[in-house]
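# Analysis of the macromolecular model
Single-letter residue listing:
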Amino acid sequence: MNINKITDGLTYLSQNKRINLIHGVLSRLHISPLNDNYDDYFQDGCLIFADAFANYPDDPHNPENERRLMNFAYKRIYWRLLDHFRIEAKLTEHQGESLNNDMLDEDKINRLLLDPQSTINFARLEDHDFFNQLKERCTQKERLYLEAVLYENLTDSEIAKKYHVSRQTVYAWKKGIRKKVAKSKII
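Each residue is numbered by its place in its chain's sequence as written, counting from 1. Reporting of local features is limited, given that this is a predicted model, to residues whose pLDDT is at least 70; pairs of side-chain atoms are given and counted only at 80 or more, and all residues count toward the totals for whole chains, interfaces and linings. Processing note: side-chain calculations cover all non-hydrogen atoms of the structure and skip hydrogens and water entirely.

## Thoughts on the nonpolar core
This is how the line gets drawn: Only buried residues count toward a nonpolar core. Its members are Ala, Val, Leu, Ile, Met, Phe, Trp, Tyr and Cys residues joined through side-chain atoms within 4.5 Å. Partly exposed residues are those whose accessible area sits between 20% and 50% of the maximum for their type, while under 20% is buried and over 50% is exposed, using a 1.4 Å probe and protein chains only. Going along the chain from the N terminus, every DSSP run of H or I of four or more residues is numbered as a helix, and every run of E of two or more is numbered as a strand. Whether two residues are in contact is decided by their heavy atoms: any pair within 4.5 Å suffices.
Counting residues in each nonpolar core, the largest one holds 25 residues, and the members touching the most others are Ile-22, Leu-26, Leu-29, Ile-31, Phe-49, Ile-77 and Leu-81. Only helix 1 (3-14), helix 2 (20-28), helix 3 (38-55) and helix 4 (66-95) provide two or more residues apiece to this core. Apart from residues no more than four positions distant in its own chain, Leu-26 is found in contact with Ile-31, Tyr-38, Tyr-41, Phe-42 and Leu-81. Core analysis: the next-biggest nonpolar cluster, separate from the first, contains 10 residues, Leu-134, Ile-159, Ala-160 and Ile-177 among them.

Here it is as structure tokens:
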């Protein structure tokens, strides 16, 4: 994919009120501008539009193709965001089993803490070699991110608010950790 086509797609989107397409998709998905993550979803929609523009099979600059292009992009944005929300819902469901959940009874917590296939107690995993090696390779800021995610179960937005930084900064910390894991032989 050509970066110039992506740039052209974003420029095309910003002209003639075409940006309303993104707002329309978010509205159809029942995402209100009052939603805390609306700006993030809006940006994702713009990037998906640029990708759709770059991959559109006909000439996207031809005025006769505009309606088909907009339909093509609308469907792509809708389905990709919907997939994103499904994944997010699964993660939220999984986090319902988090140890920070006050609604869990003691029996359920014990089942979560003990892995029947292992003699290592889950609560002692922080002492496990993996986390020690990973922490050694991380910068101070990346360690803050790890602790916020692992011990406080915070989202990226919550981490940004807690440390008074932008979400992009938090994403950079996360990206740095992922690179360190990928380059190392920790796992």
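Next comes the rest of the account.
## Some points on the layout of surface pockets
What counts here: Grid spacing is 1 Å over the protein atoms alone, the probe is 1.4 Å, and a cavity is where that probe fits but cannot get out, while a pocket is an open set with protein on both sides within 12 Å along at least five of seven lines and lining residues have an atom within 4 Å of a point. Grid points are joined across faces, edges and corners, and a volume is the space filled by probe spheres set on the points. Charged residues are taken to be Asp, Glu, Lys and Arg, nonpolar residues to be Ala, Val, Leu, Ile, Met, Phe, Trp, Tyr, Cys and Pro, and polar residues to be all remaining types, Gly included.
In this structure, the second largest pocket spans a volume of roughly 160 Å³. Lining the second largest pocket are 10 residues, with Leu-134, Leu-146, Leu-150, Ile-177 and Val-181 sitting closest to its centre. Contributing elements (two or more residues each) for the lining of the second largest pocket: helix 6 (129-137), helix 7 (140-150) and helix 9 (167-183). The element best represented in the lining of the second largest pocket is helix 7, accounting for 4 residues. A breakdown of the residues in the lining of the second largest pocket according to their chemical character gives 9 nonpolar, no polar and 1 charged.

## Section: the side chain of Asp-156
Rule in force here: Throughout this description, a polar contact denotes any pair of N or O atoms lying within 3.5 Å of each other; where both atoms belong to protein, one of them has to be capable of donating a hydrogen while the other can accept it, and for residues adjacent in sequence the pair is counted only when both atoms sit in side chains.
Relative to the elements of secondary structure, Asp-156 occurs in helix 8 (residues 156-163). Take Asp-156: its relative accessible area is 13%, and that puts it in the buried class. In this structure the side chain of Asp-156 is engaged in a polar contact, spanning 2.6 Å, whose partner is the side chain of Lys-174. Residue contacts for Asp-156: discarding those within four places in its chain leaves Tyr-145, Val-170, Tyr-171 and Lys-174.

## Quick word on the packing of aromatic side chains
Short version of the rule: Centres within 6.5 Å are what make two rings of Phe, Tyr or Trp a pair, Trp counting through its six-membered ring; a difference in plane orientation under 30 degrees is then read as stacked, over 60 as edge-to-face, and the rest as tilted.
This structure, assessed with the given rule, holds 6 aromatic pairs. When the ring of Tyr-78 is compared with that of Trp-79, the centres are 5.2 Å apart and the planes differ by 85°; the resulting orientation is edge-to-face. Taking the relative accessible area as the measure of exposure, Trp-79 reaches 45% and is therefore partly exposed. Among the aromatic residues, those joined into a cluster by ring pairs are Tyr-12, Phe-49 and Phe-53.

## Looking at the confidence of the model for the protein
Put simply, the rule reads: Residue-level confidence of the predictor is summarised by pLDDT, bounded by 0 at the bottom and 100 at the top.
Per-residue pLDDT for the protein has a mean of 79; in total, 76% of the residues score no lower than 70. Mean pLDDT values over the elements of the protein span from 54, in helix 5 (residues 106-113), up to 91, in helix 2. Contacts of residues 114-124 to residues separated by more than four positions or lying in other chains number 8 contacts, the stretch itself having pLDDT below 50.

## A few points about the pattern of salt bridges
Once their charged atoms are close, side chains differing in charge can pair, the charge on each being opposite to the other. The line we're drawing: Salt-bridge detection follows one rule: a side-chain nitrogen of Lys or Arg within 4 Å of a carboxyl oxygen of Asp or Glu.
Enumeration over the complete set of coordinates arrives at 7 salt bridges. For Asp-40, the salt bridge is made with Arg-167, and the minimal N-O distance between the two is 2.7 Å. Highlighted residues: Asp-40 in helix 3 and Arg-167 in helix 9, separated in sequence by 127 residues. Salt-bridge contacts for Asp-51 lead to Arg-76; the nearest nitrogen and oxygen are separated by 3.3 Å. A residue pair is termed long-range when its members are at least 10 positions apart, and Asp-51 in helix 3 and Arg-76 in helix 4 qualify at 25 residues. Classification of Asp-51 as buried rests on a relative accessible area of 12%. Members of the salt-bridge network, linked through shared partners, are Asp-51, Arg-76 and Arg-80.

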